[in-house]
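Chain and residue survey
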Amino acid sequence: MSTKPLFIVVSAPSGCGKSTLIDMLLQEYSDIVYSISCTTREPRGEEEDGLDYHFKTKERFEELIAENAFIEYANVHGNYYGTLKAPIEEVLAEGNSMIMDIDVQGAAKVREYVRSLPNTDPMKIGYVDIFIMPPSMEELRRRLEGRGTDSQAVIEKRLANAEGEMERAGEYMYKVTNDDLGHAYKRLCDLIDALSGRM
Ligand code: 5GP
């Protein structure tokens, strides 16, 4: 079945289940490709080049900036992070969809970039952005505390960040509340199916 190639941008505060939802989509939809960012930071632990990130030297990253190769990039804690234009163009040209996971600041840059494109550009034609919401701040706190991976100070920082990010949820075309993982996943699939013309 031929479907419309989508360029799907997903953001969510930490603890909203965004990575889980994206992993579920990637498992089920063989025509959705995950956008792998470039970074100049060192690989951590088991991270693999070309799988978790495309690891680049600072020199190479700056060359790519000069070549206008990124749709957006940022400097986070002294390291560059960015999304290359070419892989997205290639995936869409093959008739597949690209999904990218990015914070609200990065998403705003992507949105601005996409707006600047001609209306005939596949990235603009297929563009959709989705914000994953927690059911409430109380529930988000419970989830972050329940993970048991972060100190109380880190949790407070994540919650403060989440409030700031949620204030920008209105910039997104669609919002999906992760009250229950199965329900949220179903809503996400329904949305993608409708937008790509699968039904
Ligand atoms: P980490 O080093 O922990 O993998 O990521 C650090 C930060 O960089 C995270 O907030 C992550 O969202 C952000 N990041 C990862 N990839 C990109 C990207 O392609 N563009 C931008 N702007 N930020 C990114």
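Placed above this text is the structure.
Residues numbered from 1 in each chain as written. Predicted model: local features only at pLDDT ≥ 70, side-chain atom pairs only at ≥ 80, totals over all residues. Heavy atoms only, no water.

Considerations on a negative patch on the surface
A cluster of like negative charges, contributed by E46, E48, D49 and D52, occupies part of the molecular surface. Taking the relative accessible area as the measure of exposure, E48 reaches 47% and is therefore partly exposed. (Patch = residues over 30% accessible without salt bridge, like charges linked within 9 Å, V, L, I, M, F, W, Y side chains within 5 Å. Areas by Shrake-Rupley, 256 points an atom, 1.4 Å probe, with all protein chains shown as cover. Salt bridge = Lys/Arg side-chain N within 4 Å of Asp/Glu carboxyl O. Lys, Arg positive; Asp, Glu negative; His and termini not counted. Charge placed at Lys NZ, Arg CZ, Asp CG, Glu CD. Buried < 20%, exposed > 50% of the residue type's maximum accessible area, 1.4 Å probe, protein only.)

Some thoughts on the sheet that holds strand β1 (residues 7-11)
As summarised here, the arrangement of the five strands in space is β2-β7-β1-β8-β9, forming an open sheet in which the pairing is parallel. The sheet terminates laterally at β2 (32-34) and β9 (174-177), the two strands that pair on one side only. Between one strand axis and the next, the sheet turns through 25° on average, direction left out of account. As defined by bridge partners, β2 adjoins strand β7 (residues 97-101) across three bridges and the pair is classed as parallel. When the bridges of β7 are listed, V33 appears paired with M98. Relative to β1, helix α4 (residues 104-116) is tilted by about 155°, and along the sheet it contacts β1, β7 and β8 (127-133). (Pairing = 2+ DSSP bridges. Helix = DSSP H or I, 4+ residues; strand = E, 2+ residues; numbered from the N terminus. Axes fitted to C-alpha atoms, helices over the stretch in contact; angles between N-to-C directions. Contact = heavy atoms within 4.5 Å.)

A few points about the side chain of D31
Examined against the element boundaries, D31 turns out to sit in the loop between α1 (18-28) and β2. D31 sits in the buried class, given a relative accessible area of 15%. Engagement of the side chain of D31 in a polar contact is seen with the side chain of R198, the distance being 3.1 Å. Once residues within four sequence positions are removed from consideration, D31 is found in contact with T3, N96, S97 and R198. (Polar contact = N/O pair within 3.5 Å; in protein donor to acceptor, adjacent residues only side chain to side chain.)

Structural notes on the sheet that holds strand β4 (residues 54-55)
What the four strands build is an open sheet, ordered β4-β3-β6-β5; its pairing is mixed. Edge positions in the sheet fall to β4 and β5 (70-76), since each has one partner strand and no second. Inspection of the sheet shows β5 paired to strand β6 (residues 79-84) by six bridges, in the antiparallel sense. Residue pairing in the sheet places A74 in a bridge with Y81 of β6. Docked against the sheet, helix α3 (residues 85-93) engages β5 and β6, running at close to 25° with respect to β6.

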